[in-house]
Amino acid sequence: MVPNKWIYMNLNSKIFLIFLLSFQDVYAFSLRKSEKRPESVIALKQTINKYPKSKLIKNLREFIKCCNPNRMVGTPGHENASVQLIKQIKEFDKSNSGLVYVDNFVPDLNSAIKLYQNDFDNLVEGKIPKSNPEYKKWKTMTDQMVNELNKRKGIKGKNIIWEKKGYLNPDDIIVVGAHFDNIGHDKKTFKIKTDSFLPGADDNGSGVAIALSLIDILSKMDSPKTIRVVFFDFEEFGFLGSKAFVEKYKDEFKRKNFVGMINLEMLGTDTVDNDSEKKKGNMKAYIRKNGESGYQSDLKLAKRLTNTGKQMTFSVDFEIGPNGFNQSDHINFWDNGFNAVTFSQNWESDFNHKGYHSENDFVERLNFTTLYGSFQYISGAIIGLSYDFL
């Protein structure tokens, strides 16, 4: 028979333990020495799964709340976003295992103006009657984009970069990109909302949060290849940040071994009710069209990434979509002959119509399970690419 005082002491110990556990840091993430260089996909999965879902969401919330009312180029919120990114990166990489730097650039506004005008001339003019309301919408948007670009003459862009040098093959370069600016349009008229409240949680806070969390992991690991994580500016105004980046580094990429570019764009939307396929977790990895120059190179990269990524989690699946997706920063890599893959939501089946470029794109509307699954999948795929896991 156990004395009552021991029962009492044992009960108190359990209560105290529960009390302590309730105050555990739900954002804590650290790696043992043996986990810094995983020797297999299984070991890598165990490392990736140690990263708390709560910390990924925290990283997202901290980025979004810094920059009200929006992150449109030329606004105070946009300037705050670049400051916040540097702050978060330095918080993750306290040991300075990687290099943080800012590439200031003069945006090629004329090329963006030409891009929007050519899109209108090729896709709308002569194909939609001028009396059609759709024609007027696209004409309004094109004219406004040109006008807004002209207003931004003299504004410099900032690409925020964190680079982890490869310990084994430093001249093998993997580029990971996510744009940090945003923009808003009136859904009915397509008019640009320059002063509206635009959280931009899915577009592209989701991609930014995954990229930040990847830095958090990589800062505590060793990487055989060099991984350069870039937060692109001016994406919403003709992809000018990535254009400047490729122009600056394309000779280096050609001289060394450019492994590939992985672009992160809108990874927080996943529904069943609004999904034409009525599926959960059906995401896309977009590459060039079959038959286009560079298609085979994109396909090879996408297969390597998805072969590893699908072993990280069962909550999402990124189907390779060879449709020449032309809505994000990867296109400047394609145009310069480099392979690139964009990981994104399924634009054909489950696009974020309600949140896209609107005040409805706030954090609480995202599917956190899918966002975390995308993080597990993509982070494992990128690190696995560095380790040549197949």
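All figures in this text were calculated on a predicted structure; none of them were measured in a lab.

A. Highlighting the pairing of strand β4 (residues 225–232). Across the eight residues of β4, eight count as buried, placing the element largely inside the fold. Side chains of β4 alternate between two faces, with Lys 225, Ile 227, Val 229 and Phe 231 and Thr 226, Arg 228, Val 230 and Phe 232 buried alike. Here strand β3 (residues 169–179) pairs with β4 via eight bridges, running parallel. Paired with Gly 177 across the bridge in β4 is Val 230. You can see the chain leave β3, run along helix α7 (residues 201–218) and come back into β4, and the turn it takes is right-handed.

B. Layout of the side chain of Arg 152. Following the sequence through the fold, Arg 152 ends up in the loop between α6 (133–151) and β2 (157–164). Beyond its immediate sequence surroundings of up to four residues, Arg 152 is in contact with Met 72, Val 73, Leu 109 and Phe 237.

C. Broad picture of helix α4 (residues 76–92). Under the 1.5 Å per step criterion, the end-to-end length of α4 is 25 Å for 17 residues, consistent within 8% with the ideal 24 Å. The set of residues buried in α4 consists of Gly 77, His 78, Ala 81, Ser 82, Gln 84, Leu 85, Gln 88, Ile 89 and Phe 92. The arc that holds the buried residues of α4, viewed along the axis, is 165°, so those residues lie on one side. Residues of α4 that are exposed and angled more than 90 degrees away from the buried face: Pro 76 and Lys 90.

D. Region of the structure containing the packing of aromatic side chains. Inspection of the entire model under this criterion finds 26 aromatic pairs. Relative to Phe 389, the ring of Tyr 387 lies with its centre 5.6 Å away and its plane at 20°, an arrangement referred to as stacked. Taken individually, Tyr 387 and Phe 389 each receive the classification buried, so the pair is uniform in this respect. The structure contains a cluster of three or more aromatic residues connected by ring pairs, namely Phe 232, Phe 245, Tyr 249, Phe 253, Phe 258, Phe 333 and Phe 338. Cation over ring: Arg 228 sits above Tyr 249, and NZ or CZ is 5.0 Å from the ring centre.

E. Region of interest: the pairing of strand β5 (residues 257–265). Judged by how many residues are buried, β5 sits mostly within the fold: eight of nine residues are covered. Relative to β5, β3 runs parallel, the two being bridged by six bridges. Its bridge partner lying in β5, Ile 174 is registered against Gly 260. Across five bridges, the pairing between β5 and strand β8 (residues 340–344) is parallel. Across the sheet, Glu 265 pairs through a bridge with Ser 344, a residue of β8.

F. Local environment of the state of the cysteines. Summed over the entire model, instances satisfying the criterion amount to one disulfide. A sulfur-sulfur separation of 1.9 Å characterises the disulfide bridge that pairs Cys 66 with Cys 67. Residue classification places Cys 66 among the buried residues on the basis of a relative accessible area of 18%.

G. Representation of the pattern of salt bridges within the structure. Under the definition given, this model contains 25 salt bridges. Residue Lys 139 pairs with Asp 143 through a salt bridge whose shortest N-O separation is 2.8 Å. Taken as a pair, Lys 139 and Asp 143 lie in helix α6 at a separation of four residues, close to a single helical turn. Residue Lys 139 is classed as partly exposed on the basis of its relative accessible area, which comes to 30%.

H. Up close: the sheet that holds β3. What the eight strands build is an open sheet, ordered β1-β2-β4-β3-β5-β8-β6-β7; its pairing is mixed. Because the sheet does not close on itself, it has two edges, and the strands there are β1 (99–105) and β7 (317–322). Mean inter-strand twist for the sheet, computed between neighbouring axes without regard to direction, equals 25°. Pairing between β2 and β4: five bridges, direction antiparallel. Following the sheet pairing, Glu 163 is matched in β4 by Arg 228. Running over the sheet, α4 touches β1, β2 and β4 and is turned about 10° from β2.

I. Fine view of the packing of helix α3 (residues 53–65) against α4. Axis separation between α3 and α4 bottoms out at 10 Å; the angle between their running directions is 150°. Classed by the angle they form, the pair α3 and α4 counts as roughly antiparallel. Where α3 abuts α4, its residues Lys 55, Asn 59, Glu 62 and Phe 63 lie against Ala 81, Gln 84, Leu 85, Gln 88, Glu 91 and Phe 92. In terms of residue class, the contact of α3 with α4 is built from four nonpolar, three polar and three charged.

J. Quick look at unusual backbone geometry. The linkage connecting Asn 68 with the following residue, Pro 69, adopts the cis geometry, with an omega of 0°. Considering the arrangement of structural elements, one finds Pro 69 in the loop between α3 and α4. Following Asp 203, the chain continues into Asn 204 via a peptide bond in cis, with omega recorded as 5°. Here Asn 204 lies in helix α7. Despite not being glycine, Phe 234 shows a phi value in the positive range, around 60°.

K. Seen up close, the packing of α3 against helix α11 (residues 368–387). Here α3 crosses α11 at 100°, and the two axes come no closer than 10 Å. Here α3 lies roughly perpendicular to α11, going by the angle between them. Together, Lys 53, Leu 56, Ile 57, Leu 60 and Arg 61 of α3 and Phe 368, Thr 369, Leu 371, Tyr 372 and Phe 375 of α11 make up the contact between the two elements.

L. Structural context of the environment of Gly 294. Residue placement: Gly 294 occurs in the loop between β6 (282–287) and α9 (295–309). Here Gly 294 falls in the partly exposed class, since its relative accessible area comes to 25%. On a C-alpha basis, the gap between Gly 294 and Gly 337 in space is 7.0 Å, while along the polypeptide they are 43 residues apart.

Basis of the calculations
Residues numbered from 1 in each chain as written. Predicted model: local features only at pLDDT ≥ 70, side-chain atom pairs only at ≥ 80, totals over all residues. Heavy atoms only, no water. Buried < 20%, exposed > 50% of the residue type's maximum accessible area, 1.4 Å probe, protein only. Helix = DSSP H or I, 4+ residues; strand = E, 2+ residues; numbered from the N terminus. Pairing = 2+ DSSP bridges. Right-handed = clockwise from strand over helix to strand, strands pointing away. Contact = heavy atoms within 4.5 Å. Expected span 1.5 Å × (residues − 1). Arc of directions from axis to C-beta. Phe/Tyr/Trp six-rings, centres within 6.5 Å; stacked < 30°, edge-to-face > 60°. Lys NZ or Arg CZ within 6 Å of the ring centre and 35° of its normal. Disulfide = S-S within 2.5 Å. Salt bridge = Lys/Arg side-chain N within 4 Å of Asp/Glu carboxyl O. Axes fitted to C-alpha atoms, helices over the stretch in contact; angles between N-to-C directions. Parallel < 35°, antiparallel > 145°, perpendicular 65-115°, else oblique. Nonpolar A, V, L, I, M, F, W, Y, C, P; charged D, E, K, R; others polar.

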